[in-house]
Amino acid sequence: MEKIVFPEDFVWGLATASYQIEGAYAEDGKGESIWDRFSHTPGKVFNGDTGDVACDHYHRSKEDVSLMKEIGLDSYRFSLSWPRILPNGTGQPNQAGIDFYKKLIEQLLNASIDPMVTLYHWDLPQSLQDKGGWVNRDVAKYFAEYAGIVFQELGDVVDKWITHNEPWVAAFNGYSSGEHAPGIRDNYASVQAAHHLLLSHGLAVARYRELGLSGEIGITLNVNPTYPATDSKEDQKAADIYDDYINGWFLEPLFKGSYPQELLAIYQQKLGPIPIDQEDMAVISQEIDFLGINYYSRAIVKDNPAAELLKFDTVANKDAKYTAMGWEIYPEGLYDILLIINQKYTAKPLFITENGAAFPDQISTDGRVHDQERIEYLRQHLEMADRALKAGIPLKGYYFWSLMDNFEWAYGYSKRFGFIFIDYANQQKRILKDSAYWYQDVIKNNGLTL
Ligand code: BGC
């Protein structure tokens, strides 16, 4: 049995997002978000679930923070609801919304838990969607305004900021596959949206620097290390394009100030010219303080000349184990992608801002939730984080997804990712799963036995 110990200042956390947990969707002056609109549209979310109540965290933040304290978290990553702060996306701020977050942050600081705050985890104000959403370049400007207000209100008590969570998902699930709000299916729109999301990130970072605040700011990307299905030239090429599509499309602009050339050429040829202003790439690639990585699984890619647009398919590994999302459990991918990012894109500090797994958890007869498969998943991934640290990767902290079961987007409440079980049918009772007690030990020992 090998014991692994993490660096002394390693940050242990758990993560959530506003729409997935808060509820109170129309309370205290909050405006409508695109996820309110989308989930209220029949047929969009499994079982007709909505985030109207979610985990009712808006009314239970005190209890939730005390559970975080019980687990022993160093830090808690959460996102702000833009329409709670600016009901119309721009214009007059809503003081009650700002006060909710001020109170939450105060509760966290009193419990010695550092807040890590994400500005955008997909709940765009609907009134900005009515102006075109992320396809409209002006929305990047509105985002920077919103960021400025938030930095001024909370910048003295929060010192870790994330502009966007997974802009790939916001752009491509929102505007291309339409699985997510706003539910648009238009490849060209998705590429435009991706560019404006990146631009808005850059504008917000610039705003942060102008204000001279002393904290740190970064962005969080979803990444999938990509492997060809065979060693044929065709599959290798398909894997390279997939890698550009999912990873390079964001990593390269952020750290090199350009888009992957081959994929850009394909988009421009097949979809039409992508409007990129000259100065945009400099705005997007200005220096950030850290990069957040969300890692869940890998991609195995095969050439498919008959496929739409990018001519690849992803294929399953039939020997692997899968989570309840149907995602392959592949811990080595975490190590691989950390190395690739460090070697190819940036030597900046890295945080794992999400990693975790859904399983069909249930309350057992002893009243507890025995989520052994999740513990195995977590253990295997921490082993890879340790390997990355030993290889010299500047990994500074690890946030698992998620603090509690929550609204899993198009899957509604059917998928559970939490360390805390939410008994939705029984007044939202919170039950710490075995994984939460396991994590408590990891944090206490600053390490684990493999
Ligand atoms: C997102 C979370 C989501 C999780 C599991 C990430 O893509 O940031 O909001 O719940 O993955 O699907």
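Going by the structure above, here's the rest.
Draft legend 1. A look at the overall build of the protein. In terms of regular secondary structure, the protein is built from 15 helices and 15 strands. Seen along its three principal axes, the alpha-carbon backbone of the protein occupies a region of about 60 × 55 × 45 Å. Evaluated residue by residue, the protein yields a buried proportion of 60% over its 450 residues. In the protein, the proportion of contacts linking residues at least 24 apart, taken out of those at least 6 apart, comes to 76%. Within the protein, one finds 41 positive and 63 negative side-chain charges whose respective centroids are separated by 1 Å.

Draft legend 2. Focus on the site of the ligand. Near the ligand you find 13 residues, and of these Q20, H121, E166, E354 and E408 are the closest. Side-chain polar atom of W401 to an oxygen atom of the ligand: 3.2 Å apart, as the coordinates give it. One of the side-chain N or O atoms of W409 is found 2.9 Å from an oxygen atom in the ligand. Of the residues that constitute the shell around the ligand, the class distribution is six nonpolar, four polar and three charged.

Draft legend 3. Quick look at the sheet that holds strand β10 (residues 312-314). Reading across from one edge, β7-β9-β10 is the order of the three strands in this open sheet, with mixed pairing throughout. The two strands at the open ends of the sheet, each matched to only one other strand, are β7 (226-228) and β10. Averaged over all pairs of adjacent strands, the angle between their axes in this sheet comes to 35°, without regard to strand direction. Across the sheet, helix α10 (residues 233-256) is in contact with β7, β9 (299-303) and β10; its angle to β9 comes to roughly 130°.

Draft legend 4. Spotlight on the packing of helix α9 (residues 187-210) against α10. Across the interface, α9 lies against α10 with an axial gap of 11 Å and an inter-helix angle of 35°. Relative to α10, the crossing made by α9 is right-handed. Across the interface between the two elements, V191, A194, L198 and H201 of α9 pack against W249, F250, P253 and L254 of α10.

Draft legend 5. Broad picture of the pattern of salt bridges. By the definition in use, this model includes 25 salt bridges. Measuring nitrogen to oxygen at the nearest pair gives 3.0 Å for the salt bridge that ties E354 to R77. Taken as a pair, E354 in strand β11 (residues 350-354) and R77 in strand β3 (residues 75-79) lie far apart in primary sequence, 277 residues in all. Grouping residues by exposure puts E354 and R77 together as buried. One salt bridge in this structure joins E287 and K348, with 2.6 Å as the shortest N-O distance. With E287 in the loop between α12 (280-284) and β8 (290-294) and K348 in the loop between α13 (332-345) and β11, the pair connects residues that are 61 residues apart, well separated along the chain. Owing to a relative accessible area of 55%, E287 belongs among the exposed residues under this scheme. When its relative accessible area of 23% is taken as the criterion, K348 is described as partly exposed. Salt bridges sharing common partners tie together D361, D371, R374, D405, R416 and K433.

Draft legend 6. Just the packing of aromatic side chains, in detail. Within this structure, the stated rule accounts for 45 aromatic pairs. Arranged with centres 6.1 Å apart and planes meeting at 35°, the rings of Y19 and W35 form a pair that is tilted. Separated by 16 residues along the polypeptide, Y19 in helix α1 (residues 18-21) and W35 in helix α2 (residues 34-39) bring together distant segments of the chain. This pair shows no difference in class: Y19 is buried, exactly as W35 is. Here a set of aromatic residues connected by ring pairs shows up, and it is made of Y19, W35, F38, W122, F407, W409, Y413 and Y424. The ring of Y227 has R298 lying over it, and the distance from NZ or CZ to the ring centre is 5.2 Å. Seen from the ring of F421, R416 lies directly overhead, with NZ or CZ sitting 3.9 Å from the centre.

Draft legend 7. Molecular detail of the nonpolar core. Membership of the largest hydrophobic core comes to 139 residues, with the highest contact counts inside it found for W82 and Y439. What Y439 contacts, discounting residues up to four positions off in sequence, is W12, G13, L14, I71, L73, Y398, F400 and F419. Core analysis: the next-biggest nonpolar cluster, separate from the first, contains 12 residues, A15, A17, F290 and F351 among them.

Draft legend 8. Main features of the sheet that holds strand β12 (residues 395-401). Strand order in the closed barrel made by the eight strands is β2-β3-β4-β5-β6-β8-β11-β12, with parallel pairing throughout. Taking the axes of each pair of neighbouring strands and ignoring which way they run, one obtains an average angle of 25° across the sheet. The pairing of β8 with β11 spans four bridges and is classified as parallel. Bridged to L291 within β11 is L350. Helix α7 (residues 138-154) rests against β4 (114-120), β5 (160-165) and β6 (216-222) of the sheet, and its axis sits at about 160° to β4. Here α10 sits on the sheet in contact with β6 and β8, set at roughly 160° to β6.

Draft legend 9. Representation of helix α14 (residues 372-390) in the model. Helix length check: α14, at 19 residues, gives a terminal C-alpha distance of 27 Å against a target of 27 Å (1.5 Å per residue), a fit within 8%. Residues of α14 that are buried include every one of R374, I375, Y377, L378, H381, L382, M384, A385, D386 and A388, and no others. Check the buried side of α14 and you find it contacts β1 (3-5), β2 (11-15), α13, β12, α15 (434-445) and β15 (447-449). Directly after α14, the chain includes G392, whose backbone phi takes a positive value near 90°.

Draft legend 10. Spotlight on α9. End to end, α9 covers 35 Å across 24 residues, agreeing with the expected 34 Å (1.5 Å per residue, within 8%). The element α9 is extensively covered by neighbouring structure, given that 17 of its 24 residues are classed as buried. N-capping of α9 is provided by D186, with a side-chain oxygen placed 3.0 Å from the backbone N of Y188. Within two residues after α9, G212 carries a phi angle of roughly 65°, on the positive side.

Calculation notes
Residues numbered from 1 in each chain as written. Predicted model: local features only at pLDDT ≥ 70, side-chain atom pairs only at ≥ 80, totals over all residues. Heavy atoms only, no water. Helix = DSSP H or I, 4+ residues; strand = E, 2+ residues; numbered from the N terminus. Buried < 20%, exposed > 50% of the residue type's maximum accessible area, 1.4 Å probe, protein only. Contact = heavy atoms within 4.5 Å. Lys, Arg positive; Asp, Glu negative; His and termini not counted. Charge placed at Lys NZ, Arg CZ, Asp CG, Glu CD. Near = heavy atom within 4 Å. Polar contact = N/O pair within 3.5 Å; in protein donor to acceptor, adjacent residues only side chain to side chain. Nonpolar A, V, L, I, M, F, W, Y, C, P; charged D, E, K, R; others polar. Pairing = 2+ DSSP bridges. Axes fitted to C-alpha atoms, helices over the stretch in contact; angles between N-to-C directions. Left-handed = near helix turned anticlockwise from the far one by under 90°. Salt bridge = Lys/Arg side-chain N within 4 Å of Asp/Glu carboxyl O. Phe/Tyr/Trp six-rings, centres within 6.5 Å; stacked < 30°, edge-to-face > 60°. Lys NZ or Arg CZ within 6 Å of the ring centre and 35° of its normal. Core = buried A, V, L, I, M, F, W, Y, C linked by side-chain atoms within 4.5 Å. Expected span 1.5 Å × (residues − 1).

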